[in-house]
Structure formats: structure tokens, C-alpha cells
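Residue-level listing of the chains:
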Amino acid sequence: AEARERYVAARPKSAAAHARARAVLPGGNTRSVLFYTPFPTAMAKGEGCWLEDIDGHRYLDLIGEFTAGLFGHSNPRIQAVLQATIANGLNLTAVGENEAKLGEILCARFPSLERVRFTNSGTEANLMALAAARAHTGKSKILGFYGGYHGGAMTFAGGGSPVNAPYPVILAQYNDIEGTVAMIRENAADLAAVILEPMMGGGGCIPATRDFLATMRAEATAAGAVLIFDEVMTSRHTAGGLQRLHGVTPDLTTLGKYMAGGMSFGAFGGKAEVMSVFDAYREGSMPHSGTFNNNVLSMAAGTVAMGELFRDEEADALRARGEALRAALNQVCARHGVAMQFTGIGSMMQPHFRTGPIIRPYASTPAEDALRELFFLDLMAAGIYTARRGMVALTLPVGDAEAARYVAAVEEFCEARKPLL
Ligand code: PLP
């Protein structure tokens, strides 16, 4: 209660902004992930890896727009290409040259990508990938995983609660090889696709084992189903995604987030044979439309972001920095003997307030929920901005000094709140 009072007292303008928003937006919100009580902090501006809220507080930004903000808030190269693009006019109602350039970059890097198409978001990319799988196989069922997140229209809740999905979906348990294999085999006759994140992001930064992914690969093939890796978040783990790190190649891959340098973006692609359902030269092909699919800003920024700013070297360095940070954080937790740990891969990580291995999403206890809120409030008071649920996604401008600041804040939390942990 004391931490919450301190939060409220420091943010009169954010409180007022929330009250105003509630009159026109249900819950005062237009993105569920940004909702939390008593009210969310409204940001005014950002530079590099720093943010300033509308009440004038400064924060180290460690969530980086849930991975979409990879390049930070003010990368000069991205700002320059956007300004140059704006100067040449928006909404040209035509194909441009950048979509092929960006397509070439992505197809050269991601093992599964032979053909690709662009969308406005990761959500759309997943919807289109599933539509492609259904058209290609002539089957209808989708197998997903409890706690999987594939966008606002496809959230597969953790505990068996209802699923918001436009298709008949059956759900299996993540990393459960035996159970999932049985389900795939049982449903093979109707199964169009198996869709999964090779590391769950929203579900808690929980990596799939390589064995699990390799088994999904083999079983999807045997069942005549399309294997889809949702790499909207995990694509950053190498320049060619987590599929390249694991050496497991899906039939289709979905992408999004940072790839257009911070502009709205999504992409889906994979085997030429599957993607040919969209080939307009083909009799009976399926339409894939979207006014902003090739908007000039996303295409231009994407070409620069992926072609110049985030290649093998940058991706590998980022992954190594994230691994080092997570190891340091887990050392702090171990040294203090607290029930707290950080899971994840590379630059994406998530604190959990429990001990023991975490291999799939779980229903957290009220005590865990309270600790999660307290941790968030303590970090905000220390000038560190993460997801409300604690997730961290490093951005390229975050350096050693900034990472050390987070480690110090976690250390302080462990010391100050030890009786609760
Ligand atoms: N898939 C995954 C794994 C995601 O984490 C997200 C967004 O967080 C999406 C899909 C949806 O992407 P978008 O928010 O661009 O629609």
C-alpha cells in the first residue's frame, strides 16, 4: 500500500490523463498490456534508452516496446530515412521498390523463408499464416499451446480458460512432448497447423527445449500439418531468429515488432509451396490485402533497420549481453537466497517469484501477484521502466552501465523486501 501511495502521489498528470481516457476508452486503454492499477504512467518522450513521463520523471527504458523498440527512441539513421521518405510523399497507392529489398534481406537470413508477405502487425501475420495453412492443407483445426500469445486476436490463456481465436483451436501444454504428440496424432485428419512461439514471450519468457521443437517439426510433417513458428518476438535472438539458433526449420514463420525500425510491422512467410496460395498468377489464389501492408514508412525504415543496423554481428552481441545480464540477475537472487529467478533467452527476460524449473506458464498465486506489483512499483521509484509483469527486452542503446543499474535495483529489492521473498 505504501509503494502504491508513493506511485500515485508522484503522478498527478498521469492520473488526470487516465481519468480523461476512461471517459472514451473502456478501462481508459487501447492496449491491454498497458493497463494496470491504480493507473498507468503516461510517457511524453524518449531518447536513446531513456523515457520521460508527463509528470517529468526520467526512466531507463528496459522494456523497449515489448521488443519493437530495439533501436531505441532516436536512432539517427532511422530518423533520417523516415524524414527522407516523408519528404517524398505518403500513400502512393502503388508498389514500391523497398518491399522487394526487405523481402530479400529476410529470405536470405531466416532458414524457413523462401517467400514472404508483409502486414501491419504480428497479429495479422499470424492470422494470415493460419489462413495460408488452412488453404494449403484443406484442413481446419489449429493446435496451439496454453499461455501462447499470437496477438490481440489470438490469446491462448494459461489455465484452460476460453480462447479468443477465429478458428477451432485445440490447446496442448508447452514443452510436453508426449501429450502434444498424442494430440497431433489424434487430430491429424483435421489438423491444418501447429503454431507456437519457440520461446513463449507473453507467457513468461519460457524457452522451448530443442527436443520439443524438433519433435513438433517431425510430427507436423507426419500429420500433414503446417508447422508455424511465431517469431514475432524471438526473431531478434539471431539475425535469422531462434529457428537458426536451434536448427529447427518450420514451414511458416511470422515476424513483426522491431523489423521496421519501430514503425508498425508484420510479416509471414515460409515454404514457396505453401505461400503460393497467394500467388495471383495461380488459378484460384487467395487474396491477401491490406492498405498499409507496404506503407512507405515501414518499408523504408525496415530496409535500413534490417539491412544496415541489425545483422549477424549486432544480433549476436545483443544475445550475449542479455545472457550476461540474466546470469548476473540470477546470481543476485541466489546470493540473497530469495524465491526469485529470471527466465528467458538473450535480451528477453522475465522475473518469476518462485524457485525450481519453469517449463510452461503457470497460474500465479496471490502472493506472487503482490510481489510482481511491488517489484514493478519499486523499479518505477528507482527510475526503471519495465513491463508491469516484469518483462525486460533490451534495446541496442542499453549499455553496460545501464544494465548494471538494473542489477543494482534488483539487489536493492532483494535486500529491502527480503522478509516477503
Ligand atoms: N506474436 C507474439 C509472439 C507476440 O509477442 C506479439 C505481440 O506482442 C504478437 C504476435 C502480436 O504482434 P502485434 O502486437 O504487432 O500485433
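Note on numbering: residues in each chain are counted from 1, in written sequence order. Local features in this predicted model are restricted to residues whose pLDDT is 70 or higher, and side-chain atom pairs enter the listing and the counts only when it is 80 or higher, whereas totals over whole chains, interfaces and linings include all residues.

*Asks:* How should I be thinking about the overall build of the protein in this particular structure?
*Replies:* Per the secondary structure count, the protein includes 13 helices and 18 strands. With C-alpha atoms as the basis for the radius of gyration, the globule rule is written as 2.2 Å multiplied by the number of residues raised to the power 0.38. A globule of 421 residues ought to have a C-alpha radius of gyration of about 22 Å, and the protein, at 22 Å, matches this closely. Along the first, second and third principal axes, the C-alpha atoms of the protein reach 65 × 55 × 45 Å. Field definition: a residue is buried when 20 or more other C-beta atoms are found within 10 Å of its C-beta, exposed when 12 or fewer are, and partly exposed for counts in between, with C-beta atoms placed from the backbone. Each of the 421 residues in the protein was classed as buried or not, and the buried ones make up 46%. Considering only residue pairs separated by 6 or more positions, the protein has 73% of its internal contacts joining residues 24 or more positions apart. Segments assigned H or I by DSSP are reported as helices when at least four residues long, segments assigned E as strands when at least two residues long, and all are numbered from the N terminus. Contact between two residues is assigned when their C-beta atoms, built from the backbone, lie within 7 Å.

*Asks:* Is there a simple way to explain the site of the ligand in this structure?
*Replies:* In this entry, near means the residue's backbone-placed C-beta atom lies within 6 Å of the molecule or strand. In the vicinity of the ligand, 16 residues are found, and the nearest of them are Ser121, Gly122, Thr123, Gly151 and Val232. When residues of the shell around the ligand are assigned to their parent elements, the largest contribution, three residues, is made by helix 5 (residues 122-137). Under the scheme applied here, ten amino acids are nonpolar (Ala, Val, Leu, Ile, Met, Phe, Trp, Tyr, Cys and Pro), four are charged (Asp, Glu, Lys and Arg), and all others, including Gly, are polar. In terms of residue class, the shell around the ligand is made up of four nonpolar, 10 polar and two charged.

*Asks:* Is there a simple way to think about the sheet that holds strand 18 (residues 392-393) in this case?
*Replies:* Working definition: the strands of a sheet are paired by backbone hydrogen bonds and lie parallel or antiparallel to each other. Here three strands make up an open sheet; going across it, the order is 15-16-18 and the pairing antiparallel. The strands lining the two open edges of the sheet, one partner per strand, are strand 15 (341-345) and strand 18. Should DSSP find at least two bridges between two strands, the strands are taken to pair. Looking at chain direction, strand 15 and strand 16 (residues 348-352) are connected through five bridges and run antiparallel. Within strand 16, the position partnered with glycine 344 by the bridge is methionine 349. Angular values range over 0 to 180 degrees, each being the angle between N-to-C directions of two axes fitted as lines to C-alpha atoms, with helices fitted over their stretch in contact. Against the sheet, helix 11 (residues 312-336) engages strand 15 and strand 16, with an angle of about 165° to strand 15.

*Asks:* Can you help me understand the nonpolar core in this one?
*Replies:* One recurring pattern in soluble globular proteins is that nonpolar side chains are buried together. Joining buried Ala, Val, Leu, Ile, Met, Phe, Trp, Tyr and Cys residues through C-beta atoms within 7 Å gives a set, and that set is a nonpolar core. Grouped together as the largest cluster of nonpolar side chains are 113 residues, with contacts concentrated most on Ala193, Val194, Val226, Ile228 and Ala305. Sequence-distant contacts of alanine 305, defined by excluding residues within four places in its chain, comprise Phe71, Ile78, Tyr258, Met259, Ala260, Gly261 and Phe310.

*Asks:* Help me understand the packing of helix 6 (residues 177-186) against helix 7 (residues 210-223), please; the structure alone is not making it clear to me.
*Replies:* Packed helix pairs are specified by the crossing angle of their axes together with the interaxial distance, meaning the distance between the axes. Interaxial distance between helix 6 and helix 7 falls to 10 Å at its minimum, and their mutual angle equals 10°. Accordingly, the angle class assigned to the pair helix 6 and helix 7 is roughly parallel. Of the residues in helix 7, those in contact with Ile177, Val181, Ile184 and Arg185 of helix 6 are Asp211, Phe212, Thr215, Glu219 and Ala223. Relative orientations are named as follows: roughly parallel for angles under 35 degrees, roughly antiparallel for angles over 145 degrees, roughly perpendicular for angles from 65 to 115 degrees, and oblique for any other angle.

*Asks:* Would you mind going over the domain arrangement of the protein with me for this structure?
*Replies:* Note on interface size: it is often stated as the accessible area lost on association of the parts. Domain start and end points were adopted from an automatic or database domain assignment. Here the protein is described as being made up of domain 1 (2-70 + 312-420) and domain 2 (76-309). Using only C-alpha atoms to locate each centre, domain 1 and domain 2 end up separated by 27 Å. With 25 residues of domain 1 at the interface, the matching set in domain 2 holds 24 residues. At the level of elements, helix 11, strand 15 and strand 16 are the ones that each hand at least two residues to the side of domain 1 that touches domain 2. Ranked by residue count, the leading element in the side of domain 1 that touches domain 2 is helix 11, at six residues. For the side of domain 1 that touches domain 2, the residue count by class is 12 nonpolar, eight polar and five charged.

*Asks:* Would you explain helix 10 (residues 296-309) in this entry?
*Replies:* One full turn of an α-helix is made of 3.6 residues, so residues set three or four places apart face in the same direction. Under the 1.5 Å per step criterion, the end-to-end length of helix 10 is 19 Å for 14 residues, consistent within 8% with the ideal 20 Å. Among the 14 residues in helix 10, 10 count as buried, and that is most of the element. Buried residues belonging to helix 10 abut helix 3 (76-87) and helix 4 (98-109). The span you would expect from a helix comes to 1.5 Å times its residue count less one.

*Asks:* What should I look at first to understand the sheet that holds strand 12 (residues 226-230) in this one?
*Replies:* The seven strands lie next to each other as 4-14-13-12-9-5-8, forming an open sheet whose pairing is mixed. Every other strand in the sheet has two partners, leaving strand 4 (115-119) and strand 8 (169-172) as the edge strands with one partner each. Strand-to-strand twist in this sheet, taken as the mean axis angle between neighbours without regard to direction, amounts to 20°. Sheet analysis places strand 5 (residues 141-145) next to strand 9 (residues 191-196), joined by three bridges and oriented parallel. Bridged to lysine 141 within strand 9 is leucine 191. Relative to the sheet, helix 5 contacts strand 4, strand 5, strand 9, strand 12, strand 13 (252-256) and strand 14 (266-270), its axis offset from that of strand 13 by approximately 165°.

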